[in-house]
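Geometric and topological summary
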Amino acid sequence: MGKLLYYELIKTFFKKRTYIGFLIAAIIVPLVEVAIKFEGDRFLQVATRRLQEDFFFIGNLFNGWFVSYQIMNALWVHVPLLISFVAGDLLAGEATAGTYRLLLIRPVSRTRIFLAKLGATVLYTFSFVSFLGVLSVGLALALLDSGDMIVIENGILILEESSVAWRFLVAFLLAVWPMLTIASIALLFSSFVDNAIGPIVATMGVLIVFLVLTVLPLEAFDSIRDGFFTKHMVLWQKVFADPIPWDDIQHSAIVLGIYTVVSCISAWVIFVKRDILS
Amino acid sequence: MYSLTVILGLLLLFQQPSGEEILRKVEEQLAPVNDYTADLVAEVDMQRLRVPRMKATLYFKKPDKVHFEASGFAMLPREGFALNPTWLRQNFDATFAGSDTIDARILYKLQLAAKDKSTRIRQLFLWVDTERWTVAKFETIPYEGRNLTVTFRYAQQGSVFLPDTMHAVFGFVGTEPDSLSGIYQAKPQLREMMGQVRGGTMTVVYSNYRINTGLSDTLFEKKEEKK
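Below you will find a few notes about this structure. (Residues numbered from 1 in each chain as written. Chains lettered and ligands numbered in written order. Predicted model: local features only at pLDDT ≥ 70, side-chain atom pairs only at ≥ 80, totals over all residues. Heavy atoms only, no water.)

Before going further, it helps to examine the overall build of chain B. Tallying secondary structure elements over chain B gives six helices and twelve strands in all. The long-range fraction of contacts in chain B, counting pairs at least 24 apart against all pairs at least 6 apart in sequence, stands at 56%. A total accessible area of about 11,700 Å² is found for chain B, and carbon and sulfur atoms account for 51% of it. (Helix = DSSP H or I, 4+ residues; strand = E, 2+ residues; numbered from the N terminus. Contact = heavy atoms within 4.5 Å. Areas by Shrake-Rupley, 256 points an atom, 1.4 Å probe, with all protein chains shown as cover.)

For chain A, the count of helices and strands is 13 helices and three strands. Relative to its length of 278 residues, chain A is compact, with a C-alpha radius of gyration of 21 Å against a globular reference of 19 Å. For chain A, buried positions account for 48% of its 278 residues. Considering only contacts in chain A between residues 6 or more positions apart, those separated by 24 or more positions represent 79%. (Rg over C-alpha atoms; globule rule 2.2 N^0.38 Å. Buried < 20%, exposed > 50% of the residue type's maximum accessible area, 1.4 Å probe, protein only.)

Here we come to the nonpolar core. Judged by nonpolar contacts, the single largest core of 120 residues is most densely connected at Phe168 and Trp236 of chain A together with Leu76 and Leu126 of chain B. Among the elements that line this core, the one with the most residues is helix H10 (residues 164–191) of chain A, at 14 residues. Not counting residues within four places of it along the chain, the set of residues in contact with Leu126 of chain B comprises Leu23, Leu83, Leu88, Tyr108, Lys109, Leu110, Leu112, Val135, Lys137 and Phe138 of chain B. Listed in part, the 13 residues of the second largest apolar core include Leu90, Leu104, Ala267 and Phe271 of chain A. (Core = buried A, V, L, I, M, F, W, Y, C linked by side-chain atoms within 4.5 Å.)

Once that is clear, we can look at the pattern of salt bridges. Within the structure shown, the criterion is met by 20 salt bridges over all chains. One salt bridge in this structure joins Arg225 of chain A and Asp222 of chain A, with 2.5 Å as the shortest N-O distance. Taken together, the residues Arg225 of chain A and Asp222 of chain A, both in helix H12 (residues 222–225) and three residues apart, mark about one turn of the helix. By relative accessible area, which is 10% here, Arg225 of chain A ends up buried. Of the charged contacts in the structure, one is a salt bridge between Arg105 of chain B and Asp129 of chain B, with a shortest N-O distance of 2.4 Å. Here Arg105 of chain B is found in strand E7 (residues 105–114), whereas its partner Asp129 of chain B is found in strand E8 (residues 123–129), with 24 residues between them in sequence. (Salt bridge = Lys/Arg side-chain N within 4 Å of Asp/Glu carboxyl O.)

This part takes up the packing of aromatic side chains. All names here are of chain A. Applying the stated criterion across every chain yields a total of 32 aromatic pairs over all chains. Residues Tyr6 and Tyr7 carry aromatic rings whose centres are separated by 5.7 Å and whose planes lie at 55 degrees to one another, so their mutual orientation is tilted. Assessed through its relative accessible area of 43%, Tyr7 is described here as partly exposed. Chaining the aromatic ring pairs together yields one cluster made of Phe13, Tyr19, Phe22, Tyr124, Phe128 and Phe131. (Phe/Tyr/Trp six-rings, centres within 6.5 Å; stacked < 30°, edge-to-face > 60°.)

Another aspect to go through is the interface of chain A and chain B. Reports often express the size of an interface as the amount of accessible area lost when the parts come together. Across the contact, 26 residues belong to chain A and 31 residues belong to chain B. Buried area between chain A and chain B, summed over both chains or domains, comes out near 2,900 Å², and the portion from carbon and sulfur atoms is 57%. Among the residues chain A hides against chain B, the three largest losses belong to Arg50, Phe56 and Ile58 of chain A. Together they make up 27% of the total. Between chain A and chain B we count one salt bridge in total. Linking chain A with chain B are ten residue pairs in polar contact (both at pLDDT 80 or more), by the criterion used here. Mapped by element, the contributors of at least two residues to the side of chain A that touches chain B are helix H3 (42–47), helix H4 (49–54), strand E1 (55–58), strand E2 (149–153) and strand E3 (155–159) of chain A. Per element, the largest residue contribution to the side of chain A that touches chain B is six residues, and it comes from H4 of chain A. Of the residues that constitute the side of chain A that touches chain B, the class distribution is 14 nonpolar, four polar and eight charged. Alignment of E1 of chain A against strand E5 (residues 74–77) of chain B, held across four bridges, turns out to be antiparallel. From the neighbouring strand, Phe57 of chain A faces E5 of chain B, where its bridge partner is Met75 of chain B. (Buried area = accessible area lost by both parts, 1.4 Å probe. Polar contact = N/O pair within 3.5 Å; in protein donor to acceptor, adjacent residues only side chain to side chain. Nonpolar A, V, L, I, M, F, W, Y, C, P; charged D, E, K, R; others polar. Pairing = 2+ DSSP bridges.)

Right, let's talk about the packing of helix H5 (residues 64–75) of chain A against H10 of chain A for a bit. All names here are of chain A. Taken N-terminus to C-terminus, the directions of H5 and H10 make an angle of 15 degrees; their axes are 12 Å apart at the nearest point. Taken together, the axes of H5 and H10 are roughly parallel relative to one another. Handedness of the H5/H10 crossing: left-handed. On H10, the residues touching Trp65, Ser68, Tyr69 and Met72 of H5 are Val164, Ala165, Phe168, Ala171 and Phe172. (Axes fitted to C-alpha atoms, helices over the stretch in contact; angles between N-to-C directions. Parallel < 35°, antiparallel > 145°, perpendicular 65-115°, else oblique. Left-handed = near helix turned anticlockwise from the far one by under 90°.)

Bringing unusual backbone geometry into the picture now. Here the amide bond leading from Asp242 of chain A into Pro243 of chain A is cis, since omega sits at 0 degrees, within 30 degrees of zero. Mapping Pro243 of chain A onto the fold places it in the loop between H12 and helix H13 (246–273). Here the bond from Lys62 of chain B into Pro63 of chain B is cis, since omega is 5 degrees, no more than 30 degrees from zero. Residues other than glycine seldom take positive phi values, yet Asp103 of chain B does so here, at roughly 50 degrees. Looking at the secondary structure, you find Asp103 of chain B in the loop between strand E6 (92–102) and E7.

What follows deals with the packing of H5 of chain A against helix H9 (residues 110–144) of chain A. All names here are of chain A. Across the interface, H5 lies against H9 with an axial gap of 8 Å and an inter-helix angle of 145 degrees. Where H5 crosses over H9, the two elements pack in a sense that is right-handed. Contacts from Gly64, Trp65, Val67, Ser68, Ile71 and Leu75 in H5 reach Leu132, Ser136, Val137, Ala140, Leu141 and Leu144 in H9. A per-class count over the contact of H5 with H9 returns nine nonpolar, three polar and no charged.

Moving on, we get to helix H2 (residues 18–39) of chain A. Residue and element names in this part refer to chain A. End to end, H2 covers 33 Å across 22 residues, agreeing with the expected 32 Å (1.5 Å per residue, within 8%). If you check which residues of H2 are buried, you get Thr18, Gly21, Phe22, Ala25, Val29 and Glu33. End-on view of H2: buried residues confined to an arc of 90 degrees, all on one side of the axis. Summarising the geometry of H2, the exposed residues directed more than 90 degrees from the buried face are Leu23, Ile27, Leu31, Phe38 and Glu39. Taken together, the buried residues of H2 touch helix H1 (2–13), H5, helix H6 (79–87) and H9. One or two steps after H2, the chain reaches Gly40, where phi turns positive at roughly 90 degrees. (Expected span 1.5 Å × (residues − 1). Arc of directions from axis to C-beta.)

Locating Thr218 of chain B in the fold gives a position in helix H6 (residues 217–226). In the structure, Thr218 of chain B is positioned 149 residues away from Glu69 of chain B in sequence and 14 Å away in space, judged by C-alpha atoms.

This paragraph deals with the pairing of strand E3 (residues 54–61) of chain B. Where a strand is regular, its side chains alternate between the two sheet faces. Residue and element names in this part refer to chain B. Counting buried residues along E3, seven of its eight residues qualify, which places the element largely inside the surrounding structure. Looking at chain direction, strand E1 (residues 35–46) and E3 are connected through eight bridges and run antiparallel. Bridging across to E3, Tyr36 finds its partner in Phe60. Pairing between E3 and strand E4 (residues 65–69): five bridges, direction antiparallel.

Below is the structure:
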């Protein structure tokens with residue numbers, strides 16, 4: 001199993017498309033953070049304008065933590081596309097390359113091949129989110145220094161600097177979880193088509209539909225909205241609440257987990273039973 | 001007790017000094033102080049705002065130089081901090097408005113009207129302790145949708161009384177911000193961007209006063225540069 005995973009990782013990380021996500025992150029994160037540094041704290045000033053009329057603000061709230069949080073907030077809806085580039089290609093890519101049958105005639109069960117591909121997907125997702133986290137936080141702290149963190153969501157929350165670093169660590173670990181859901185959905189679509197473009201487009205289509213249904217304030221969807229995986233994709237944001245709503249995080253993790261497990265099992269069943277003709 | 005207060009009030013009324021005289025008395029009480037440094041601990045309890053307990057250092061130098069330093073983030077009320085009677089006397093017309101008692105202390109009540117009508121706070125009431133000549137309380141007439149009431153407790157620092165605790169109550173006039181619905185519920189960040197007024201309280205405790213240490217002007221100039 002270890003060898004299978006190793007070969008899958010080699011196949012995955014030797015493909016140029018694997019690095020598209022890394023390349024985009026390596027361009028967009030520094031670009032945005034440098035631009036924010038030069039533009040200054042206009043957004044922060046606007047958001048705290050009324051408060052600053054009544055209070056002196058002492059200390060640096062426009063710091064690396066604040067900017068990293070904004071980057072996370074801005075990118076969480078785009079990262080799934082980058083994840084689906086790779087996850088959508090794992091099975092369908094074999095068909096496109098004409099290596100499906102070559103792979104499956106070897107004396108290894110389809111289940112083990114599937115598990116190796118799933119393992120490669122998990123490792124890719126984890127490495128990509130880690131890269132994004134290290135890049136955005138590391139660069140933001142280098143550019144804008146550290147300090148207490150301001151969270152502007154349902155009001156204003158100031159988090160003490162001593163409690164911010166571990167919150168980011170937990171937030172990025174939690175951010176892997178919804179990306180695995182996306183990856184498993186892409187893997188599911190990848191299991192029943194022969195072209196890698198289809199799974200990427202289909203995954204993004206599903207994401208967009210669910211996102212629209214989640215954010216539209218329509219009462220018709222109120223009763224079922226909690227079941228949409230997109231409602232729970234921001235579970236990492238909850239780490240920046242005080243106190244941290246661990247029950248909510250657990251609930252979101254379970255809903256996402258159900259999507260992930262159902263997608264993976266479905267992909268596995270399709271892959272195992274599928275008549276490979278290419 | 002009530003009749004005693006009325007009698008004392010009447011007595012004070014007959015020998016009442018003018019508003020300006022009262023403010024001068026407050027200035028005189030603070031005359032021995034040229035500068036001071038104090039440690040501050042502030043706690044805030046406001047709508048849609050969560051801030052941990054804050055620590056800062058306050059630097060004050062006559063006539064009106066104020067500078068704050070904090071290792072982390074701190075927010076401190078703009079109004080009432082290092083309340084400067086000279087500034088009040090120069091910028092407001094003070095009128096005697098009666099007498100009052102707070103915590104069994106007899107106080108003069110002044111009505112202050114800003115000389116410059118473009119000033120943010122145009123009118124306020126000020127309560128001055130008739131014995132210590134300290135500002136015990138002030139209350140603003142509603143401005144920009146809010147009103148502010150600040151009460152002070154004092155402790156003797158050498159020959160002068162300086163604030164020991166400041167308690168500010170921020171109220172708002174008009175629509176209750178949290179009752180706003182619709183777009184604010186969908187986009188809660190918008191409410192912050194729209195700058196809705198908050199109600200709440202803030203308590204600041206002063207300690208460890210260092211008086212007349214000869215604070216350098218450069219300490220306050222640095223603050224100007226940062227702005």
